[in-house]
Amino acid sequence: AFFSNAAYTFLDRYTLEGIFRYDGTNQFGASRYIRWMPTWNLAFSWNVTKEDFFPKNKLLSQLSFKTSFGVIPESPSAPTSLVKIMGDIPWRSNERTRETALKVSDPASYDLTYEKKQELNMGVQMGFFNNRISLALDGYTRQNYDLIGRVPTQGLSGTILRVGNVAQMHSYGIDLSLQTQNIKLKDFSWTTTFIYAKNENKITKLYVDASISDMVRGSGFSKEGYPVSSIFSIPFRGLNSEGLPTFADSNGNTTIDGIRFDQRDNLDFLSYSGTTKPTDVGSLGNLFTYKGLSLNVLLTYSFGNVLRLPTAFKANYDNDALALPKEFANRWMQPGDEHRTQVPAIASSFQRDNMPNLEYAYTAYNYSDVRIAKGDFIRLKEISLGYEFDKDLLKEMRIKRLSMKLQATNLFLLYADKKLNGADPEFSTGSSFIPNPKQLTFSLRVGL
């Protein structure tokens, strides 16, 4: 890679900066035009505070603007420009006729090139009351193109799924940072910091051949016209009089066991549940200090995403441990319960014998829209208490610095969707929830 930048500031208030890069890699095709990617970024900032017309008052103490635009490359993990050939032993019915062979693991990526994005950023920084209140607001809009993914082919190259530049995406967002010095005395201070970020995206172009199984998975699926990592669900139509779940199929009819997860056509009947990526995240922190004592309380929050609840429902259970999720306390148990609950019954042996495909019904229930929960949460992330010993006192002890800190992390959730039944929405793998450990840390620092 080659890199250069230049910056010029005029009158200590106007700054123009340009960056130029020329990157090359041998991960892509053989063409030099593809292997090398020129990119650039141009930024301008204006410090209005330095202007003669800027009002000299305590209300507005600082004001500046900034903007930038550029084309930025990304070089994700991709097969090399050469074909990958691996050794193999094909299956034979008779071991005496077995022989070694070579197979194409990944074909040469002749036309693969960089992922790219065009990005426009704009921001403003403001200070009020001698910067006792500081506000920073930044926004961006981004066009991603030539995004890399695997697409199905006719298999002429030796593989059915090939890597290619197959997608485009538009994303935009804002970042807000607000800090206030609420109290500032000789021995006591109270500072509040609020951070908020909103990010949304939509895939504008994508070629993909998907099945129901791909679109309903808890890790998310990418589809044109929807955000990245979207979750789609099978429409749930309630329980029947026997406690079995029913669904809408691709023809608009109601079915029990008629959903086939390998279906690849007429998938518009699936409902959009949301994206696995939070759209609104941030934190709220308060720092209190009194002489050498400090107390920090930090809250974090996240909104805008959904989660697929664990796939706990089956037509048949071979042990009690798998048949005891919390939801089963509210399951269907007698006729009429279908009007009060959406949790299906534990299938009887008679139902299993007369419906050989009953497993499909419970699998469809696990991936239905009723098994979706909001990923929103508010967490008490951290409470820390620290003390810095007085330096004059430490001189007599021939110690330059002495401090101690007690910190508690991940204490508990203040808010989460009740459908999670206590599971932590921040630590979901797409099919299960990992417990979030609480931590208590004590630290002592001594400087000699």
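About the thresholds
- Residues numbered from 1 in each chain as written.
- Predicted model: local features only at pLDDT ≥ 70, side-chain atom pairs only at ≥ 80, totals over all residues.
- Heavy atoms only, no water.
- Patch = residues over 30% accessible without salt bridge, like charges linked within 9 Å, V, L, I, M, F, W, Y side chains within 5 Å.
- Areas by Shrake-Rupley, 256 points an atom, 1.4 Å probe, with all protein chains shown as cover.
- Salt bridge = Lys/Arg side-chain N within 4 Å of Asp/Glu carboxyl O.
- Helix = DSSP H or I, 4+ residues; strand = E, 2+ residues; numbered from the N terminus.
- Buried < 20%, exposed > 50% of the residue type's maximum accessible area, 1.4 Å probe, protein only.
- Pairing = 2+ DSSP bridges.
- Contact = heavy atoms within 4.5 Å.
- Axes fitted to C-alpha atoms, helices over the stretch in contact; angles between N-to-C directions.
- Core = buried A, V, L, I, M, F, W, Y, C linked by side-chain atoms within 4.5 Å.
- 1 Å grid on protein atoms, 1.4 Å probe; cavity = no way out; pocket = protein on both sides within 12 Å on 5 of 7 lines; lining within 4 Å.
- Points joined across faces, edges and corners; volume = space filled by probe spheres on them.

1. Details of a nonpolar patch on the surface
Now for step 1: Together, Tyr290, Leu293, Leu295, Leu385, Tyr387, Met404, Leu406, Leu440, Phe442, Leu444, Val446 and Leu448 give the surface a local cluster of nonpolar side chains, amounting to about 1,200 Å² of exposed area.
Now for step 2: Every element with two or more residues in the nonpolar patch is listed here: β17 (293–303), β20 (377–388), β21 (401–416) and β22 (439–447).
Now for step 3: The greatest single-element share of the nonpolar patch, amounting to 4 residues, is contributed by β22.

2. Some details on the pattern of salt bridges
Now for step 1: Taken as a whole and assessed by the stated rule, the structure comprises 16 salt bridges.
Now for step 2: A salt bridge links glutamate 200 to lysine 198, with the shortest nitrogen-to-oxygen separation between them at 3.1 Å.
Now for step 3: Taking relative accessible area as the criterion, glutamate 200 reaches 27% and is therefore assigned partly exposed.
Now for step 4: Aspartate 280 is paired through a salt bridge with lysine 198; the nearest N and O atoms lie 3.4 Å apart. Taken together, the residues span a long stretch of sequence, with aspartate 280 in strand β16 (residues 280–290) and lysine 198 in strand β10 (residues 188–206) at a distance of 82 residues.
Now for step 5: Judged by relative accessible area, aspartate 280 falls into the buried class, the value being 12%.

3. Considering the sheet that holds strand β12 (residues 236–239)
Now for step 1: The strand order β12-β13-β14 describes an open sheet built from 3 strands, whose pairing is antiparallel. Bordering the open sheet on either side are β12 and β14 (254–255), each of which pairs with just one other strand.
Now for step 2: With 2 bridges joining them, β12 and strand β13 (residues 245–248) adopt antiparallel strand pairing. Counted as the bridge partner of leucine 239 is proline 245 from β13.
Now for step 3: Strand contacts of helix α4 (residues 358–366): β12 and β13, with the helix running at about 70° to β13, the strand carrying the most contacts.

4. A few points about the nonpolar core
Now for step 1: Of all hydrophobic cores here, the largest spans 32 residues; its most connected members are Ile212, Ile234, Leu270, Phe313, Leu358 and Tyr362.
Now for step 2: Elements supplying a minimum of two residues to this core: α2 (212–215), β12 and α4.
Now for step 3: Here the element with the most residues in this core is α4; it accounts for 5 residues.

5. Some remarks on the layout of surface pockets
Now for step 1: Its volume calculated, the largest pocket comes out at about 460 Å³.
Now for step 2: If you go around the largest pocket, you meet 26 residues; those closest to its centre are Arg150, Val208, Arg217, Phe221 and Ser222.
Now for step 3: Those elements giving two or more residues to the lining of the largest pocket turn out to be β8 (133–152), β9 (161–184) and β10.

6. What about the environment of leucine 444?
Now for step 1: Within the secondary structure layout, leucine 444 lies in strand β22.
Now for step 2: Expressed as a C-alpha distance, the spacing of leucine 444 and lysine 405, which sit 39 residues apart in the sequence, is 6.6 Å.
Now for step 3: Setting aside residues up to four positions removed in sequence, leucine 444 forms contacts with Leu402, Ser403 and Met404.

7. Overview of the pairing of strand β11 (residues 230–233)
Now for step 1: Here β11 shows no split at all, with Ser230 and Phe232 on one side and Ile231 and Ser233 on the other all buried.
Now for step 2: Where β11 lies against strand β15 (residues 271–275), 4 bridges are found, and the strand directions are antiparallel. From the neighbouring strand, isoleucine 231 faces β15, where its bridge partner is glycine 274.

8. A look at the side chain of asparagine 144
Now for step 1: Mapped onto the elements, asparagine 144 comes out in strand β8.
Now for step 2: On the accessibility criterion, asparagine 144 (8% relative accessible area) is buried.
Now for step 3: Filtering out sequence-adjacent residues up to four positions away, asparagine 144 remains in contact with Lys116, Lys117, Gln168, Met169 and Ser171.

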